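# Residue-level structure breakdown
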Amino acid sequence: QACETTTNGSTGNVDLFFSEYMEGSSFNKALEIANFSGSSINLSNYELRLSSNGSITWNSNSYSFPNNASIANTGVYVIMHGSAAVCNDVEDDLNNSINGFNGNDAIGLFKNGVLIDILGTLGDDSDYAKNVTMVRNEDVIAGSSIFNINEWTIYDLAKSH
């Protein structure tokens, strides 16, 4: 289950959203973003930001997508840690700083500087997803600036197939 990408969802969603999160042992970490908007989306206006260990602010380093990167309608974009030992046949990009997160770090998906989806809660350092893979439930049709664990199905440890 851990390496499958999200392929279900209803089209016509407002925007991109996090669809899968992998926080496994060592560097086995990945983020997946899905597009069910009805058309291809260029990623030039999007970025990811990390907030570590309960900080109430976003770290200064953010992740910008590569030039000309896009997500086709019903497609996903996977960013993995460069030293991941599992699932490394599905990545679209490698990035060690944004994927340096732990199970208590907030990660935000931003469009034009505005938060459109979040993993975890800014300012809260409690573990919400440690050594697990989370997959967004099929009935979730949009991102949210408030994290809701009930929108996710949680699987034990990120592991290879």
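Everything below is about the structure printed above this text.
Residues numbered from 1 in each chain as written. Predicted model: local features only at pLDDT ≥ 70, side-chain atom pairs only at ≥ 80, totals over all residues. Heavy atoms only, no water.

### A few points about the pairing of strand S9 (residues 106–111)
With five of six residues buried, S9 lies mostly within the body of the structure. Of the pairings in the sheet, the one linking strand S4 (residues 46–51) to S9 comprises six bridges and is antiparallel in character. Residue leucine 50 lies in a different strand from S9, and its bridge partner there is isoleucine 107. As paired strands, S9 and strand S10 (residues 114–119) are joined by five bridges and run antiparallel to one another. Bridge assignment links lysine 111 to a residue of S10, and that residue is valine 114. (Buried < 20%, exposed > 50% of the residue type's maximum accessible area, 1.4 Å probe, protein only. Helix = DSSP H or I, 4+ residues; strand = E, 2+ residues; numbered from the N terminus. Pairing = 2+ DSSP bridges.)

### Describing the packing of aromatic side chains
Under the defined criterion, the tally for this structure stands at seven aromatic pairs. Both rings, one in tyrosine 63 and one in phenylalanine 65, keep their centres 5.0 Å apart while their planes meet at 80°; by these two values the pair is edge-to-face. Comparing tyrosine 63 with phenylalanine 65, the two get one shared label, buried. Members of the aromatic cluster, each reached through a chain of ring pairs, are Tyr21, Phe101, Tyr128 and Phe147. (Phe/Tyr/Trp six-rings, centres within 6.5 Å; stacked < 30°, edge-to-face > 60°.)

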